[in-house]
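Residue strings, one per chain:
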Amino acid sequence: MKNKIIRPHFIIQLSKLIDENLNNKKEKDYLESEFFKSKILPYTACIESLHNASLLQDDIIDKSSLRRSKQTAHDIYGVKDTIFSSNYILSRSASIISDIDEINLNIIYSNIVFDLTYG
């Protein structure tokens, strides 16, 4: 398994285990369920977006000019535009999280953003 899919895979598998435990049943088509599509899939996408936004900021803070042998966004587009892009990704993710309408997910997401900001 490639590193880029470990986080989403972990979230999906963990959600499936929790769902099975709470409902005392194994759902054959969990990935096709309304719960998965409306809650878990958007949340997983938001976590990946949050991670990408953090990488944009990390490269600026670390003054890195390369990420995985490719030129960094701030070297190509400038620091200001890269920060705006990162902030846009964070705000769009927060909006999607709030649409999921699960208070615990909102709390987790806001704590992650807080930790990211204050490192």
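Only a predicted model underlies this, so the values are computations on that prediction, with no experimental measurement involved. (Residues numbered from 1 in each chain as written. Predicted model: local features only at pLDDT ≥ 70, side-chain atom pairs only at ≥ 80, totals over all residues. Heavy atoms only, no water.)

Draft legend 1. Summary view of the packing of helix H2 (residues 34-61) against helix H4 (residues 79-100). H4 packs onto H2 with a crossing angle of 160 degrees between their chain directions and a minimal axis gap of 9 Å. Regarding the angle of H2 to H4, the classification is roughly antiparallel. Crossing of H2 over H4 shows left-handed handedness. Residues Ser 38, Lys 39, Pro 42, Tyr 43, Cys 46, Ser 49, Leu 50, Ala 53, Leu 56, Gln 57 and Ile 60 of H2 form the contact with H4, whose participating residues are Val 79, Thr 82, Ile 83, Ser 86, Asn 87, Ile 89, Leu 90, Ser 93, Ile 96, Ile 97 and Ile 100. (Axes fitted to C-alpha atoms, helices over the stretch in contact; angles between N-to-C directions. Helix = DSSP H or I, 4+ residues; strand = E, 2+ residues; numbered from the N terminus. Parallel < 35°, antiparallel > 145°, perpendicular 65-115°, else oblique. Left-handed = near helix turned anticlockwise from the far one by under 90°. Contact = heavy atoms within 4.5 Å.)

Draft legend 2. Quick look at H2. Under the 1.5 Å per step criterion, the end-to-end length of H2 is 40 Å for 28 residues, consistent within 8% with the ideal 40 Å. Taking the largest bend as the criterion, H2 deviates by roughly 30 degrees, centred on Ile 40, and proline Pro 42 comes between one and four positions later. (Expected span 1.5 Å × (residues − 1). Bend = angle between axes of the 7 residues up to and from the residue.)

Draft legend 3. Main features of the nonpolar core. Of all hydrophobic cores here, the largest spans 15 residues; its most connected members are Ile 40, Tyr 43 and Ile 97. The set of elements that each furnish at least two residues to this core consists of helix H1 (6-23), H2, H4 and helix H5 (103-118). At 7 residues, H2 tops the list of elements feeding residues into this core. Beyond its immediate stretch of four places on either side in the chain, Ile 97 contacts Tyr 43, Cys 46, Leu 105, Asn 106 and Tyr 109. (Core = buried A, V, L, I, M, F, W, Y, C linked by side-chain atoms within 4.5 Å. Buried < 20%, exposed > 50% of the residue type's maximum accessible area, 1.4 Å probe, protein only.)

Draft legend 4. Summary view of the environment of Lys 39. Looking at the secondary structure, you find Lys 39 in helix H2. The spacing of Lys 39 and Ile 96 is 57 residues in sequence and 9.9 Å in space, taken between C-alpha atoms. If we ignore the near neighbours within four places in the chain, the residues touching Lys 39 are Glu 34, Ile 100, Asp 101 and Glu 102. Engagement of the side chain of Lys 39 in a polar contact is seen with the backbone oxygen of Ile 100, the distance being 3.1 Å. (Polar contact = N/O pair within 3.5 Å; in protein donor to acceptor, adjacent residues only side chain to side chain.)

Draft legend 5. Region of interest: the side chain of Gln 57. As for its position among the elements, Gln 57 is in helix H2. Residues within four places of Gln 57 in sequence aside, it is in contact with Ser 86, Asn 87 and Leu 90.

Draft legend 6. Seen up close, the packing of H4 against H5. Running from N to C, H4 and H5 cross one another at 160 degrees; their axes reach a closest spacing of 9 Å. In terms of orientation, H4 lies roughly antiparallel with respect to H5. The handedness of the crossing between H4 and H5 is left-handed. Residues Leu 90, Ser 93, Ala 94, Ile 97, Ser 98 and Ile 100 of H4 touch H5, and the partners they reach there are Leu 105, Asn 106, Tyr 109 and Leu 116. Of the residues belonging to the contact of H4 with H5, the class tally is 7 nonpolar, 3 polar and no charged. (Nonpolar A, V, L, I, M, F, W, Y, C, P; charged D, E, K, R; others polar.)

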